[in-house]
Amino acid sequence: MADVLIIGAGPVGLFMASLLLQDGIDVQILEQRSAPEPHSRAIGIHPPALAALAGTGVAEALVAEGVPIRRGVALGGGKCLAQMSFAGVSDRFPFILSLPQSRTEALLERRVNEHDDGALHRGVRLTRLSDDGARVTVEAVSVSGPLHYTAPLVIAADGVRSTVRALRGGALRMKEYPDSYLMGDFADNTGFGPDAALFLAGAGIVESFPLPGQRRRWVARLGAGDVTAGSLTIGDSTTGDSTPGDSAAGGQGGDARWLMRCVRERTGLSIDAGTNSMLSRFGVRTRLTRRMVTGRVVMIGDAAHEVSPIGGQGMNLGWLDAAALAPIVSAAVRGQEVEAALRTFERTRLRAAARATRQAEINMALGRPLPDGLLAARNRAIGGVAAVPAVNALIARRFTMH
Ligand SMILES: Cc1cc2nc3c(=O)[nH]c(=O)nc-3n(C[C@H](O)[C@H](O)[C@H](O)COP(=O)(O)OP(=O)(O)OC[C@H]3O[C@@H](n4cnc5c(N)ncnc54)[C@H](O)[C@@H]3O)c2cc1C
């Protein structure tokens, strides 16, 4: 029995829990994994999310470990086409922070434990739930057997394959995209320092972002004819499936070498496949639920809206869901009427998810392969548009979720 049950201890469930715990709400979090997820998916934390995270005192710890990206450069044909500074997007956090998701989750989990070290239940998988209008009963399994929990409210932050969403039913807007990408983390020998770099190549975009510890993430858009050397088949992975890299292991080592060759051909830069520490191949799809609130169950984060990783907004969107929901939940637990507030929450957060989806679609379109003639014209247009200060500032705001 708790005031609120949260399903899923990913970044969104952990942040939601820390917001409620600091407000004195009794929270229990059920997480199916017995240990934290070691793989890094998200790295980019945007200024509005940092401002929300500052509300629980986590932003300072994240900033202390991460790399602030203050500038992005777009390159094509060996030339700098455009530069974009994030200096004007926020007074407090004028940058996008780069930090592997596994570290972000560790810092969020530490915050939850500081509030209540008994709140997080690992190795507990929700299997069923029922809502009788007054309370929600959750059935779960763990190594020690079946478990039952009840709470007046359940918040589902159980990710793209949400069990809660499947159990509750409800319409989803779904779209599959033709794009797939190979991404990997390597030692950084580029000289780009803390800048992000986008290489607008004819064969497809290559994106490159700084990571802590003198490392860099590379993301290459795969073309129709690109078959990498690894053991995974292109197209068999979807957003959210990531593969831990081990450059010494056969298939993944092959993929690291493929990415190294791809980066060399498209950018002229050399990365060392031997320094690869993570590899992941992903395709892209969108799944937007039409209802985030049904009865006494609220879905947030990827459970409610899966968006393309290209644009780096999924985790940030989920945190902003949590920041918007927390005061409503606190008011509800204190017996206040929150129906209207919940309707506004649902409407504004679904709108934010639709906006992020459109932004990601623009980003993906910019990165698709183009024949030489069109590529030169497109890259000239990008240079021209970005040279107009007002447009440049507007794009910087859009990139940083303002
Ligand atoms: C390659 C890639 C790169 C990305 N880059 C970025 C980026 O730079 N910036 C960004 O903002 N986003 C990015 N994203 C998206 C980001 O990773 C997700 O949006 C984020 O992880 C969503 O968080 P979540 O807490 O909603 O879900 P998840 O992280 O998926 O967490 C859900 C949790 O629920 C648990 N769970 C699931 N089912 C149950 C159950 N039945 N019972 C109990 N527990 C359960 C899972 O074990 C998991 O721990 C990227 C995604 C990918 C794939």
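Going by the structure above, here's the rest.
Residues numbered from 1 in each chain as written. Predicted model: local features only at pLDDT ≥ 70, side-chain atom pairs only at ≥ 80, totals over all residues. Heavy atoms only, no water.

(A) Spotlight on the sheet that holds strand β14 (residues 196-199). One open sheet holds the eight strands; their spatial order is β6-β5-β14-β15-β16-β13-β17-β20, and the pairing between them is mixed. With partners counted over all chains shown, the strands left at the sheet margins are β6 (79-85) and β20 (305-306), one partner each. As paired elements, strand β13 (residues 172-187) and strand β17 (residues 278-289) share 11 bridges and run antiparallel to each other. For D185, the partnering residue across the bridge sits in β17 and is M278. (Pairing = 2+ DSSP bridges. Helix = DSSP H or I, 4+ residues; strand = E, 2+ residues; numbered from the N terminus.)

(B) Representation of the environment of P389. Secondary-structure assignment places P389 in helix α10 (residues 389-399). The class of P389 is exposed, set by a relative accessible area of 66%. For the pair P389 and V73, spaced 316 residues apart in sequence, the C-alpha to C-alpha distance is 15 Å. (Buried < 20%, exposed > 50% of the residue type's maximum accessible area, 1.4 Å probe, protein only.)

(C) Region of the structure containing helix α9 (residues 372-386). Given a rise of 1.5 Å per residue, 15 residues ought to cover 21 Å, and the 21 Å separating the end C-alpha atoms of α9 matches this to within 8%. Against the buried residues of α9 lie β5 (71-76), β6, α8 (339-366) and α10. (Expected span 1.5 Å × (residues − 1). Contact = heavy atoms within 4.5 Å.)

(D) View of the layout of surface pockets. Space inside the second largest pocket adds up to approximately 460 Å³. Along the wall of the second largest pocket there are 20 residues; nearest its centre are L153, G295, A332, V338 and L342. Of all elements in the fold, only α7 (314-333) and α8 reach the threshold of two or more residues within the lining of the second largest pocket. Sorting elements by how many residues they give to the lining of the second largest pocket places α7 first, with five residues. A breakdown of the residues in the lining of the second largest pocket according to their chemical character gives 11 nonpolar, two polar and seven charged. (1 Å grid on protein atoms, 1.4 Å probe; cavity = no way out; pocket = protein on both sides within 12 Å on 5 of 7 lines; lining within 4 Å. Points joined across faces, edges and corners; volume = space filled by probe spheres on them. Nonpolar A, V, L, I, M, F, W, Y, C, P; charged D, E, K, R; others polar.)

(E) Local environment of the packing of helix α1 (residues 11-22) against helix α4 (residues 101-115). It is at 9 Å that the axes of α1 and α4 come closest, and there the two elements cross at 25°. When the axis of α1 is compared with that of α4, the two are roughly parallel. Note on packing geometry: the crossing formed by α1 with α4 is left-handed. Between α1 and α4, the residues in contact are P11, L14, F15, A17, S18, L21 and Q22 and Q101, E105, L108, E109, R111, V112 and H115, respectively. Residue composition of the contact of α1 with α4, grouped by class: seven nonpolar, four polar and three charged. (Axes fitted to C-alpha atoms, helices over the stretch in contact; angles between N-to-C directions. Parallel < 35°, antiparallel > 145°, perpendicular 65-115°, else oblique. Left-handed = near helix turned anticlockwise from the far one by under 90°.)

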